[in-house]
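Residues per chain are reported as follows:
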Amino acid sequence: MTIHHEEPDVSGFFARVDSVDPAVLRRLHDRLAAEAAERHTLDIAYRTLDSPIGHLLLAATERGLVRVAFDVEDHDAVLQLLAEKLSPRILFSPARLDSAARELDEYFAGSRRSFDLPLDFSLSRGFRLSVLEHLPRIAYGHTESYAQVALAAGSPRAVRAVGSACATNPLPVIVPCHRVVKSDGSFGNYLGGTAAKRTLLALEAA
């Protein structure tokens, strides 16, 4: 006996979806995000933000902001990595990140010198975490060398490890690895690029 499987004709369905008012789709999406948050089925919310250093991806768990990513990191790849390391239950939910976006806007406008946001350091461990916990103590408009940060983090000889911690900082700008420079005052490397680091340091020096 031969069984014939016929593919359903779904062209009409997609045509109807395409004709829906974008405002209606946004409201449906917002309701989905709200219900997911209420039922605790949304582990990671994300949004994007335009800034003087490019398009930033912001992601947060219920514990706090967990990731800030530059364009050069490939936002899709960052979200995929978050799904693998933390949870696949990720949803575009801008409202959950309104506070983070507002504080970043204030920082880039020059009206904010420190951030008052809950942070989730789930992506950092060990000495790297010790480095990241020290970085917010570097005052706005000031810098420290990699050697100074290594000393402050409890391992004076771990200068290269400090560089690695800064290069893999999951929360750049918020956790200010841009304030770490070489002993001779030169910028050193920066995940967002040298131009981004220059912009941030110039903003804070103004």
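See above for the structure.
Residues numbered from 1 in each chain as written. Predicted model: local features only at pLDDT ≥ 70, side-chain atom pairs only at ≥ 80, totals over all residues. Heavy atoms only, no water.

Turning our attention to the pattern of salt bridges. The final tally for this structure, using the stated rule, is 8 salt bridges. Notably, a salt bridge pairs Arg-67 with Glu-73, separated by 2.5 Å at the nearest N-O pair. Across the pair, Glu-73 and Arg-67 agree in class, each one buried. Put simply, Arg-179 and Glu-204 hold a salt bridge, and the shortest N to O gap is 2.9 Å. Residue Arg-179 is located in the loop between α7 (159–167) and β6 (180–181), and its partner Glu-204 is located in helix α8 (residues 194–205); the two are separated by 25 residues in the primary sequence. When its relative accessible area of 5% is taken as the criterion, Glu-204 is described as buried. Salt bridges linked by common partners bring Arg-102, Glu-103, Glu-106 and Arg-112 together as one network. (Salt bridge = Lys/Arg side-chain N within 4 Å of Asp/Glu carboxyl O. Buried < 20%, exposed > 50% of the residue type's maximum accessible area, 1.4 Å probe, protein only. Helix = DSSP H or I, 4+ residues; strand = E, 2+ residues; numbered from the N terminus.)

On to the environment of Leu-135, then. Locating Leu-135 in the fold gives a position in the loop between α5 (126–134) and β5 (144–145). Between the alpha carbons of Leu-135 and Arg-179 there is a distance of 7.9 Å; along the sequence they are 44 residues apart. Beyond its immediate sequence surroundings of up to four residues, Leu-135 is in contact with Val-149, Val-175, Pro-176, Cys-177 and Val-180. (Contact = heavy atoms within 4.5 Å.)

In spatial order, the strands read β3-β2-β1-β4; together these 4 strands make up an open sheet with mixed pairing. Two strands bound the open sheet, and with one partner strand each, they are β3 (65–69) and β4 (90–92). If you compare each strand with its neighbour and ignore which way they point, the axes differ by 25° on average. With 3 bridges connecting them, strand β1 (residues 44–51) and β4 associate as parallel partners. Bridge pairing in β4 links Tyr-46 to Phe-92. Against the sheet, helix α3 (residues 75–85) contacts β1, β2 (54–60), β3 and β4, and its axis sits at roughly 15° relative to β2. (Pairing = 2+ DSSP bridges. Axes fitted to C-alpha atoms, helices over the stretch in contact; angles between N-to-C directions.)

What follows concerns unusual backbone geometry. Phi is mostly negative for residues that are not glycine, and the peptide bonds are mostly trans. Positioned with a positive phi, Asp-74 is a non-glycine residue whose angle comes to about 70°. Here Val-173, not a glycine, exhibits a phi torsion of approximately 75°, which is positive. Position of Val-173 relative to the elements: it lies in the loop between α7 and β6.

Another point: α8. The end-to-end C-alpha separation of α8 is 16 Å, in line with the 16 Å expected for 12 residues at 1.5 Å each. Within the span of α8, buried status applies to Ala-196, Lys-197, Leu-200, Leu-201, Leu-203 and Glu-204. Taken end-on, α8 shows its buried residues confined to a sector of 155°, consistent with a single buried face. Opposite the packed face of α8, turned more than 90 degrees from it, sit the exposed residues Ala-195 and Ala-205. Residues of α8 that are buried in the fold lie against α4 (98–108), α6 (146–152) and β6. (Expected span 1.5 Å × (residues − 1). Arc of directions from axis to C-beta.)

Right, let's get into the layout of surface pockets. Taken as a whole, the largest pocket encloses approximately 360 Å³ of empty space. In terms of lining residues, the largest pocket is bounded by 20 residues, among which Arg-67, Leu-81, Lys-85, Leu-123 and Thr-168 are the most central. Put simply, the parts of the chain that give the lining of the largest pocket at least two residues each are α3, α5 and α7. If you tally residues by element for the lining of the largest pocket, the top one is α3, at 5 residues. A class-by-class count of the residues in the lining of the largest pocket yields 11 nonpolar, 4 polar and 5 charged. (1 Å grid on protein atoms, 1.4 Å probe; cavity = no way out; pocket = protein on both sides within 12 Å on 5 of 7 lines; lining within 4 Å. Points joined across faces, edges and corners; volume = space filled by probe spheres on them. Nonpolar A, V, L, I, M, F, W, Y, C, P; charged D, E, K, R; others polar.)

As far as function goes, none of this settles anything; it's purely spatial.
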